[in-house]
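# Structural overview
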Amino acid sequence: MLAMLAAIEAKWDLMFLWLVVAFFVDGIDGPLARRYHVKDHAAEFDGVLLDLIIDYLTYVFIPAFALFKSGLMDGWSGWVMIILITFASALYFADTRMKTKDNSFSGFPGCWNMVVIVLFALSPPWWVCLSLVTVLAIAMFTPLKFVHPVRTERWRAVTLPMALAWTFFAGWAAWVDFHPESWAHWGLVLTSVYLLLAGIAQQMFPERG
């Protein structure tokens, strides 16, 4: 809600700071729930469903709104983006096949908050934004694998620090209001590329039995 209020007022730096906080919390809430056996102590609450509701708001709805209102995607391209992101993500979040056996994601996991903050940092032309959104929306329904920074065990020694670094660079970029000369942008791009391609690389180079 704090992120949405900031977005309505076009305070993009503040909005992303709140979304970065939400991203960090999302990374630790699952391990904490398992550590303290929430399923046993509060069995009447469905943590998975609660997580999906929150994720849809912070990963999909608010970032899509921000991208639409920011001016990066004006006119018809903005409307196409809104439809692609919200509709494809709703279907993906309801898909029971979204997780793989190694706790990775099957298909792009709808982390539009991560995509949009990179677009804000780089400010590419509208057609680049639309092309990226289209490719990733299609990738949601492909068998491509995308790592979970915490739960995917393979390469976790690299993936988890990369996710923490992404959080740091994202917060830094938002803190300086996406100043074009900030070094945070380079760190944001490099960590994003790793997190985007690590799972696909694992598919290309499977573990040897």
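One numbering rule holds for all chains: residues counted from 1, following each sequence as written. A pLDDT threshold of at least 70 governs which residues receive local features in this predicted model, and a stricter bar of 80 or more applies before side-chain atom pairs are shown or counted, although totals over entire chains, interfaces and linings include all residues. Derived side-chain values reflect all non-hydrogen atoms in the structure, with water molecules and hydrogen atoms excluded from consideration.

## Here's the deal with the nonpolar core
Short version of the rule: Among buried residues, those of type Ala, Val, Leu, Ile, Met, Phe, Trp, Tyr and Cys that are joined through side-chain atoms within 4.5 Å constitute a nonpolar core. Burial here depends on accessible area, computed with a 1.4 Å probe over protein chains only, as a share of the maximum for the residue type. Under 20% is buried, over 50% is exposed, and the range in between is partly exposed. Secondary structure elements follow DSSP: runs of H or I no shorter than four residues count as helices, runs of E no shorter than two count as strands, and numbering proceeds from the N terminus.
If you look at the biggest cluster of nonpolar residues, it comprises 58 residues, and the most contacted ones within it are Met15, Phe16, Phe108, Trp112, Ile117 and Leu188. Elements represented by at least two residues in this core include exactly helix H1 (2-8), helix H2 (12-35), helix H4 (47-69), helix H5 (75-93), helix H6 (112-122), helix H7 (126-139), helix H8 (156-175) and helix H9 (184-204). Here the element with the most residues in this core is H6; it accounts for nine residues.

## Quick look at the packing of H4 against H6
Put simply, the test is: Interaxial angle, 0 to 180 degrees, is taken between N-to-C directions of lines fitted to C-alpha atoms, where a helix line uses only the stretch in contact. Every angle not falling under 35 degrees, over 145, or within 65 to 115 is termed oblique; those three ranges are roughly parallel, roughly antiparallel and roughly perpendicular. Only heavy atoms enter the contact rule, under which two residues are in contact if any of them lie within 4.5 Å. Under the scheme applied here, ten amino acids are nonpolar (Ala, Val, Leu, Ile, Met, Phe, Trp, Tyr, Cys and Pro), four are charged (Asp, Glu, Lys and Arg), and all others, including Gly, are polar.
Running from N to C, H4 and H6 point in directions that differ by 25 degrees, and their axes come no closer than 8 Å. Considering the angle they form, H4 stands roughly parallel to H6. Along the contact surface, H4 presents Thr58, Tyr59, Val60, Pro63, Ala66 and Leu67, while H6 presents Trp112, Asn113, Val116, Leu119 and Phe120. Considered class by class, the residues forming the contact of H4 with H6 number nine nonpolar, two polar and no charged.

## Topic: the packing of aromatic side chains
Defined as follows: Only rings of Phe, Tyr and Trp enter the pairing, Trp through its six-membered ring, and a pair is recorded when the two centres are within 6.5 Å. The plane angle decides the type: under 30 degrees is stacked, over 60 is edge-to-face, the rest tilted.
Applying the stated criterion to the full structure yields 15 aromatic pairs. Plain terms: the ring middles of Phe68 and Trp79 are 5.0 Å apart, the flat faces sit at 70 degrees to each other, and that makes the pair edge-to-face. On the criterion of sequence distance, the pair formed by Phe68 in helix H4 and Trp79 in helix H5 is long-range, its members being 11 residues apart. Exposure remark for Trp79: the relative accessible area of 53% places this residue in the exposed category. Taking 5.4 Å as the distance between ring centres and 65 degrees as the angle between the ring planes, the aromatic pair formed by Phe168 and Phe169 counts as edge-to-face. For Phe168, a relative accessible area of 52% translates into the label exposed. Taken together through their ring pairs, the aromatic side chains of Trp12, Phe16, Phe120 and Phe178 make up a single cluster.

These values are about where atoms sit, not about what they do.
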